[in-house]
Amino acid sequence: MLDTFLKSLETGSGFWNPLVLGLAIIIALLLIYIIRGFGKKDYKTGTEQTKAFLSGNPEYSKDEMHVKGKNLYWGFTQALKSVYNVLEKMHNGNTSDYVLWFVIIIGVLFIIIGVI
Amino acid sequence: MNWFELITLHSPPLIVAVPLLAAFLTPLVSKINDTVRNLFVLIMLSITGLLVLILGYDVLTNGIRVYVFGGGAPLPSGMNIPVRIMFEIDSMTIFMVIITIILALISILYSWSFMKDKDGLDKYYTIILLLVTSIFGMELTGDLFNFFVFLEISCITSCALIAFYVNKKESLDAAFKYIVISSIGALFILFAIGLLYAQYNALNMATIANAIQFTFFDKIVLVLLITGLAMKSGLAPMHMWLPDAYSRSPASVTFILVGATLAGLYGSLRVIFTIYGNQLLNTGFTFYPGLIIGIIVTALGVLSIFIGVFMALKRSDFKKMIAYTAVAEIGYMFLAIGSYLIGLALSVPDNPQMLIAGTYALKGGLFHILNDALDIGLLFLVAGAVYYATKQTSLNSLGGLARNMKYTTIFFLIGLLAVSGMPPMNGFASKLLIYQSTYQISPILSIIAIICSIMLLAVFVKVFQSIFLGPEIPSLKNVKEVPKSMLAAMALVACIIIFIGLFPNIIIDNLVTPAAEALQNTTTYISTIVGGT
Amino acid sequence: MIYNIPFIAVVAMIFIGLFAVLFKRNLVKIVIGISIIESGVNLFLITLGYREGGVAPIFTSAPSEVVKNAPGSMVLPVPQALTLTSIVIGVAVLALMLSLIMHIYEHYGTLDVRKIRGPEE
């Protein structure tokens, strides 16, 4: 009876049960809540105790401090610049190029299936 | 027979006819009031949902069914060649029809308040009901030319819906590209259907499947049909219309367009497994074409996973990133189907382990159709909610929205975990099946699939940090939460995702396994029509 | 040999139509190319059904020797139904494409297919 309850989602080489994992996540969230309760509760809002510390640098307006979307993963995109050049040239907005890819695939598949 | 058996007997054409009737009555009803029109559309789709449930229960317990238009059941006496249009319903059809009706109902619920202050809404509801009719028709039919007519209806109506924002110039551009590519693909499909009729003098799928050989013209027909239908479902390198069309249309329209794309995938499954089943799935030859088709489909699937994930990493427009993710997910489904064909080929000289791995890959691919439609749909609904609240979609100008829109953040978190395959959401269940079964066929495929899944997580973490976390931007200070009907639609999808993720066995045993078995043996499909009553 | 000329014409029309779609830059010329491809496919469907020395497939008031060995010397009727459906679908698609071109010209001011692309971001 316990065996059929635990045995769910059988793949080709084993099985895996999501209910056990859900229980583990709930226990982990409970632990996080308990650890958070160990923090200090006596502080004064509005004074120096709640300002962010930026190693002595001044803080600009909120608009310029937020890391924008196009600046993330800059290292990844710069390192693979050759691959991205080819991909960007494939995806220009030209309608005729889209139909050209369709006809190229038909031609290639004709040759492969016709020969064999 | 009592009324319940009467409805069950006539439910296949009623599923197509009820939305069609509602589509033509909607302009009349909308002259009364706006709320009455919304309620009318919702009630008509609920009636269709009831019919789908009745038909599904009947097919899953009693087996395959045939509905002949304009004659007795199954064929009039004295005729041994089927010359009428027939609907043939087996378990694979029921699986796709259930997905479609869930997508349609949630989209209408979402567009109750998403489209409240826009103009021309009676035409919008009419065309959405026509699109739903054409998707149902594509999935229920058993006749090739009927399939072509419904395919053309879905092309025309979805082009009209993509160009909904007529005052912006990008939507018109995307609609024009979509209609050019779709009509060229449909014309090639019509050419292939004409060639098949010239050889075998029949348009019925079961009759052609019974008599098919692999001559020179059959090879031409196979290439044209697979390429045309794969282009409609978004396989690389013919996927280029998909990011433009998905990202420049309203969010509730994109939710149904996902259903139209999956109907194209269903069409290619019918061509490979049912019409050409006797040639491609036969293990009696020595070097036979199933292996070639399997290798081609797997290669195109891996290519589209790569292109989808790499292009999604560089973009900064919210909806375009989700659209490129949709291209990658279609690649996963085609990878699973190709693995089944290769596994069937390699298992011929006494190696049955490959066939078991191939069967689990097929089940994983079919289960992934359901999961992918729900996950990508939830992400598009969240993107629509952000656009409704702030009127912007670019990542460079948004930030710190989690303070004002709490529920939307939670739904986006659920969608993020589900798309990238994290347990215990439903994405993990189907992707685990695909990983473990493609590993036994060739380890490189499994490694590529896992790496690209992790990169999808990277893509959406970037989106989450840019839009929802961070300090509060002064220009977005008074952003309010979205209205209640949009929240209800998103909550419904999230509940279904969590339910399927926690209890995947219920769906696999009752819906996916009968569908996989219906695709694998073609003799049941053929003998119901050709072998007599 | 003379009965193969319609099939050669079909292949020529499809190739001319594909050339116009792939290599021409004006939007209206692309739409004309699609219309030529559609005419080629319709011609192929009608040519399928031809039987040598056949008459139109109508039974009322036909000559008596045609009725005696029917359907031997009649042309096939099914491809003609397919062609009618296809012509109607082609008309609808053509009307949709031309109305989209009218709106595009109002917004962009040009009909060059390389210049109408959205913001690349």
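Residues numbered from 1 in each chain as written. Chains lettered and ligands numbered in written order. Predicted model: local features only at pLDDT ≥ 70, side-chain atom pairs only at ≥ 80, totals over all residues.

### Some points on the overall build of chain C
Along the backbone of chain C there are four helices and zero strands. Over its C-alpha trace chain C gives a radius of gyration of 21 Å, far above what one expects of a compact globule, namely 14 Å for 121 residues. With respect to the three principal axes, the spread of C-alpha positions in chain C is 70 × 30 × 20 Å. Burial statistics for chain C: of 121 residues in total, 24% are counted as buried. For chain C, contacts bridging at least 24 residues in sequence account for 53% of all contacts bridging at least 6. (Helix = DSSP H or I, 4+ residues; strand = E, 2+ residues; numbered from the N terminus. Rg over C-alpha atoms; globule rule 2.2 N^0.38 Å. Buried ≥ 20, exposed ≤ 12 C-beta atoms within 10 Å, placed from the backbone. Contact = placed C-beta atoms within 7 Å.)

### Notes on the overall build of chain B
The secondary structure content of chain B amounts to 20 helices and two strands. Relative to the globule expectation of 24 Å for 533 residues, the C-alpha radius of gyration of chain B, 23 Å, shows essentially globular dimensions. Taking the principal axes of the C-alpha coordinates as reference, chain B spans close to 75 × 60 × 40 Å. For chain B, the proportion of its 533 residues judged to be buried stands at 59%. Pairs at least 24 apart in sequence give 81% of the contacts found in chain B among residues at least 6 apart.

### Considerations on the interface of chain A and chain C
In this assembly, eight residues from chain A lie in contact with nine residues from chain C. Split into classes, the residues belonging to the side of chain A that touches chain C amount to three nonpolar, five polar and no charged. (Nonpolar A, V, L, I, M, F, W, Y, C, P; charged D, E, K, R; others polar.)

### Some words on the nonpolar core
All names here are of chain B. Ala175, Leu378, Leu381 and Val382 are the most contacted members of the largest nonpolar core, which totals 233 residues. Tallying contributions element by element places helix α13 (residues 318-346) first for this core, with 20 residues. Excluding residues within four positions of it along the chain, Leu378 makes contact with Phe411, Gly415, Met490, Val493, Ala494 and Ile497. (Core = buried A, V, L, I, M, F, W, Y, C linked by C-beta atoms within 7 Å.)

### Considerations on the packing of helix α1 (residues 3-29) of chain B against helix α4 (residues 121-140) of chain B
Residue and element names in this part refer to chain B. Viewed as axis vectors pointing N to C, α1 and α4 meet at an angle of 165 degrees, and their least axial separation amounts to 8 Å. Our classification of the angle between α1 and α4 gives roughly antiparallel. Classified by chirality, the crossing of α4 by α1 is left-handed. Of the residues in α4, those touching α1 at Pro12, Ile15, Val16, Pro19, Leu20, Ala22, Ala23, Thr26 and Pro27 are Asp122, Tyr125, Thr126, Leu129, Leu130, Val132, Thr133, Phe136, Gly137 and Leu140. For the contact of α1 with α4, the per-class residue count stands at 14 nonpolar, four polar and one charged. (Axes fitted to C-alpha atoms, helices over the stretch in contact; angles between N-to-C directions. Parallel < 35°, antiparallel > 145°, perpendicular 65-115°, else oblique. Left-handed = near helix turned anticlockwise from the far one by under 90°.)

### What about helix α2 (residues 34-62) of chain B?
All names here are of chain B. Across its 29 residues, α2 extends 43 Å between first and last C-alpha, which sits within 8% of the 42 Å expected from 1.5 Å per residue. Of the residues making up α2, those classed as buried are Arg37, Asn38, Val41, Met44, Leu45, Thr48, Leu51, Leu55, Gly56 and Val59. Each element contacted by the buried residues of α2 is listed here: α1, β1 (65-68), β2 (86-89), α3 (91-114) and α4. Residue Gly63 follows α2 closely and has a positive phi angle near 105 degrees. (Expected span 1.5 Å × (residues − 1).)

### Some points on the interface of chain B and chain A
By a widely used convention, the size of an interface equals the accessible area lost when the partners come together. Listed by partner, the interface residues are 45 residues for chain B and 38 residues for chain A. Elements supplying a minimum of two residues to the side of chain B that touches chain A: α6 (169-200), α8 (216-233), α12 (289-314), α14 (352-390), α16 (426-441), α17 (443-467), α18 (484-502) and α19 (504-520) of chain B. Broken down by element, the residue count for the side of chain B that touches chain A peaks at seven residues, all from α12(B). Looking at the side of chain B that touches chain A, its residues break down into 29 nonpolar, 11 polar and five charged.

### Regarding the confidence of the model for chain C
For chain C, per-residue confidence averages 87 on the pLDDT scale, and residues scoring 70 or more make up 90% of the total. Interface confidence for the predicted complex, given as ipTM, is 0.94, next to a pTM of 0.92. (pLDDT = per-residue confidence, 0-100.)

### Description of the environment of B:Arg37
All names here are of chain B. In this structure, Arg37 sits in helix α2. With 88 residues separating them along the chain, Arg37 and Tyr125 place their C-alpha atoms 9.0 Å apart. If we ignore the near neighbours within four places in the chain, the residues touching Arg37 are Thr26, Val29, Ser30, Asp122 and Tyr125.

### Observations concerning unusual backbone geometry
Residues and elements named next belong to chain B. The omega torsion of the bond from Ala236 to Pro237 falls at 0 degrees, within 30 degrees of zero and hence cis. By the element assignment, Pro237 lies in the loop between α8 and α9 (241-247). Residues Pro423 and Pro424 are joined by a peptide bond in cis, for which omega reads -5 degrees. Mapping Pro424 onto the fold places it in the loop between α15 (406-419) and α16.

### Some points on the packing of α1(B) against α2(B)
All names here are of chain B. Running from N to C, α1 and α2 point in directions that differ by 170 degrees, and their axes come no closer than 9 Å. By the angle between their axes, α1 is roughly antiparallel relative to α2. Residues Ile7, Thr8, Ser11, Pro12, Leu14, Ile15, Val18, Pro19, Ala22, Thr26 and Val29 of α1 touch α2, and the partners they reach there are Val36, Arg37, Phe40, Val41, Met44, Ile47, Thr48, Leu51, Val52, Ile54, Leu55 and Asp58. When the residues that make up the contact of α1 with α2 are grouped by side-chain class, the tally is 17 nonpolar, four polar and two charged.

### Comments concerning the environment of B:Leu432
Residue and element names in this part refer to chain B. Summarising the element assignment, Leu432 is placed in helix α16. Looking at Leu432, the number of C-beta atoms within 10 Å reads 18, which means it is partly exposed. Taking the C-alpha atoms as reference, Leu432 lies 40 Å from His10; in sequence the two are 422 residues apart.

### Some words on α8(B)
Counting along an α-helix, one turn takes 3.6 residues, and residues three or four places apart therefore face a common direction. Residue and element names in this part refer to chain B. Over its 18 residues, α8 extends 27 Å from the first C-alpha to the last, a length consistent with the 26 Å expected when each residue adds 1.5 Å. Of all 18 residues making up α8, 13 are buried, and the element is well covered by its neighbours. Positive backbone phi, approximately 95 degrees, marks Gly234, located one or two places after α8.

### Some details on the pairing of β2(B)
All names here are of chain B. With burial as the criterion, each face of β2 is covered, one bearing Met86 and Glu88 and the other bearing Phe87 and Ile89. Judged from the four bridges that link them, β1 and β2 form a sheet pairing that is antiparallel. Pairing of Val66 across the sheet is with Glu88, part of β2. (Pairing = 2+ DSSP bridges.)

### Overview of the environment of A:Ile113
Inspection of the secondary structure puts A:Ile113 in helix α6 (residues 95-115). Here A:Ile113 falls in the partly exposed class, since 18 other C-beta atoms lie within 10 Å of it. Each C-alpha atom of the pair A:Ile113 and A:Asn85 lies 32 Å from the other, and the pair is 28 residues apart in sequence. Apart from the residues within four sequence positions on either side, A:Ile113 is in contact with B:Lys219, B:Val223 and B:Ile292.

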